[in-house]
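Residue strings, one per chain:
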Amino acid sequence: MINERLKRLERILELTRMISADLDYSTILQTAISIASELTNSEIASILKYDEGDNHLHFVAAPWFHKDAVEGVRVPLEESIAGWVYVHAKPLVIQDVHGDERFYSEVDLAAEFQTYSILAVPLLVKGRAVGVFEALNKISRAHYNGEDVTILETLASLAALIVSNISLEERVEKTRVEAEKLEQMKNDFIAISSHELRTPLGLILGHSTFLREVIDEEHQEQLDTIIRSGAKLKEIIENMSNVKNFQSGAARLRMRKFSLANLLLDSINVFQEAAQEKKITLHPDIKTPELLLEGDAAKIEIAFSNLIKNALTFTPEGGHIFVVAEEIPGYAKVSVVDDGIGIPEKDLPHIFERFYQVESHLTRQHGGMGLGLSVAKVMIEMHSGEILVESVLDKGSRFTFLLPLDPNQIDAGQRVFHTKI
Ligand code: ADP
């Protein structure tokens, strides 16, 4: 008797060792069913997992000679013994299944097997059933007893961990596929809308610019509003197609030598009027006026002006914006510093994602599509550079980008041609 017990313990221990050795799930579950049939003296044993996708139980372990046959079998929760055990989260012993209306004969048909007795226990994780462990046909038509129930429950508690891990992994995979689908939809939306909006907008801007020349003074202001709004839309569409081109691999760097100071000062000049209107001082502090860089100046200008635009948008009247350019080992460093509204800490890790905005689009007071920073990031990273943000809510923000001084550091795949000036 003691020997019997020791043998059982050893077999159960074998299973726990397999779990801690991190063997693959299917090997562990197959071992679990062979230990179960041996220790309960049953012809066979199997494990079923609940699938929330179709609300049925599926076999995750069955004897090798039944495996193919039962693989696609789905056991309903109603009118099946396994289903009853799953739903009630209680063990069940049935000596003669044919006298029990819950017996689901489809599995026997598929496996060409004949069940007469069943011992089934739930696989429980934190009190919730995740599947069912069954032992079938006690040898010599003997009755399943309390000891068999205890043995199967012990094995089931170990198998439950594995089955719930399988469910978790399936859920992670499903979420990954869904996220990928959403990402694709986002990309398609950007690609289609930027393409489809460009032509009609070009016509609107072209015709209204023409009309402005010929129309009487009284209506000029209305046309100016149309043109200004059209130009804003054009900017959004350009941002969208910049993102699209980068994703499709169509974006390439057009390398040339340029003066960083000139690029920054020219760009700042464009925004001086808007800054004055908002009574904001926009102050350049260029510590390396002579520095020449090699890269795609137009793309760097887009990145920089998106940062300035944001600083102007998110800094209240009377605020200050500083642009600091300096050289650090290996890099040119440009910072745009404002004393505006700042960004909550929780949003900082997401700020460069496409369409990300701190305020919900329903409540926000500022325009924009949440693309400016993602475009800036793309443009800087194409140059093998880096863009960073530091910000304190209600105090202000500092956006910094680094560009390599050595053009050989820039990924060769990004370049198309090279012109030196
Ligand atoms: P948008 O074009 O909508 O402004 P961006 O990608 O440029 O999109 O910026 C994303 C979000 O980051 C903005 O909606 C804003 O909430 C926040 N943000 C960007 N720059 C600043 C800044 N200088 N100060 C405060 N918040 C900022």
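Because the structure is predicted, anything quoted here is derived from the model rather than measured.

Another aspect to go through is the layout of surface pockets. The space that makes up the second largest pocket amounts to roughly 380 Å³. The wall of the second largest pocket is formed by 16 residues, among which E52, R128, S167, L168 and R171 lie closest to the centre. Broken down by element, the lining of the second largest pocket gets its largest block of residues, six residues, from helix α6 (residues 146–214). Of the residues contributing to the lining of the second largest pocket, the split by class is five nonpolar, three polar and eight charged.

Moving on, we come to the site of the ligand. Of all residues adjacent to the ligand, which total 20 residues, the nearest are N310, D338, Q357, G370 and L373. The contact in question runs from an oxygen atom of the ligand to an N or O atom on the backbone of V358, over 3.4 Å. In the environment of the ligand, a nitrogen atom lies 3.4 Å from a nitrogen or oxygen atom belonging to the side chain of S397. Compared with its free state, where it exposes 540 Å², the ligand has 94% of that area covered by protein. Mapped by element, the contributors of at least two residues to the shell around the ligand are α9 (297–313), α10 (372–382) and β13 (396–404). Along the lines of polarity and charge, the residues of the shell around the ligand split into eleven nonpolar, seven polar and two charged.

Okay, the pairing of strand β5 (residues 118–125) next. In terms of residue burial, β5 counts as a mostly covered element, since six of its eight residues are buried. Here strand β4 (residues 92–94) runs beside β5; their pairing, made up of three bridges, is antiparallel. In the sheet register, V93 faces β5, and the bridge partner there is L119. In this sheet, strand β6 (residues 128–138) lies alongside β5 in antiparallel orientation, the contact comprising eight bridges. Residue I118 lies in a different strand from β6, and its bridge partner there is L136.

Attention shifts here to unusual backbone geometry. If you check the backbone angles, N41 has positive phi at about 60° while not being a glycine. Mapped onto the elements of the fold, N41 is located in the loop between α2 (25–39) and β1 (42–51). Phi at E112 is positive, roughly 50°, even though this residue is not glycine. The topology assignment puts E112 in the loop between α5 (106–111) and β5.

Glancing now at the environment of F189. With respect to the helices, strands and loops of the structure, F189 is situated in helix α6. Residues F189 and M240 lie 51 residues apart in sequence; the distance between their C-alpha atoms is 9.6 Å. Residues within four places of F189 in sequence aside, it is in contact with S194, M240 and F355.

Here we take up α10. In terms of burial, α10 is largely enclosed, as nine of its eleven residues are buried. Taken residue by residue, α10 has G372, L373, S374, V375, A376, V378, M379, I380 and M382 as its buried positions. Count one or two residues on from α10 and you reach S384, which has phi positive near 55°.

A cluster of nonpolar side chains, namely F210, L211 and V214, defines an oily patch on the protein surface of about 300 Å² accessible area. Within the element layout of this structure, V214 appears in helix α6. On the basis of relative accessibility, which here comes to 55%, the residue V214 falls in the exposed class.

About the criteria used
Residues numbered from 1 in each chain as written. Predicted model: local features only at pLDDT ≥ 70, side-chain atom pairs only at ≥ 80, totals over all residues. Heavy atoms only, no water. 1 Å grid on protein atoms, 1.4 Å probe; cavity = no way out; pocket = protein on both sides within 12 Å on 5 of 7 lines; lining within 4 Å. Points joined across faces, edges and corners; volume = space filled by probe spheres on them. Helix = DSSP H or I, 4+ residues; strand = E, 2+ residues; numbered from the N terminus. Nonpolar A, V, L, I, M, F, W, Y, C, P; charged D, E, K, R; others polar. Near = heavy atom within 4 Å. Polar contact = N/O pair within 3.5 Å; in protein donor to acceptor, adjacent residues only side chain to side chain. Areas by Shrake-Rupley, 256 points an atom, 1.4 Å probe, with all protein chains shown as cover. Buried < 20%, exposed > 50% of the residue type's maximum accessible area, 1.4 Å probe, protein only. Pairing = 2+ DSSP bridges. Contact = heavy atoms within 4.5 Å. Patch = residues over 30% accessible without salt bridge, like charges linked within 9 Å, V, L, I, M, F, W, Y side chains within 5 Å. Salt bridge = Lys/Arg side-chain N within 4 Å of Asp/Glu carboxyl O.

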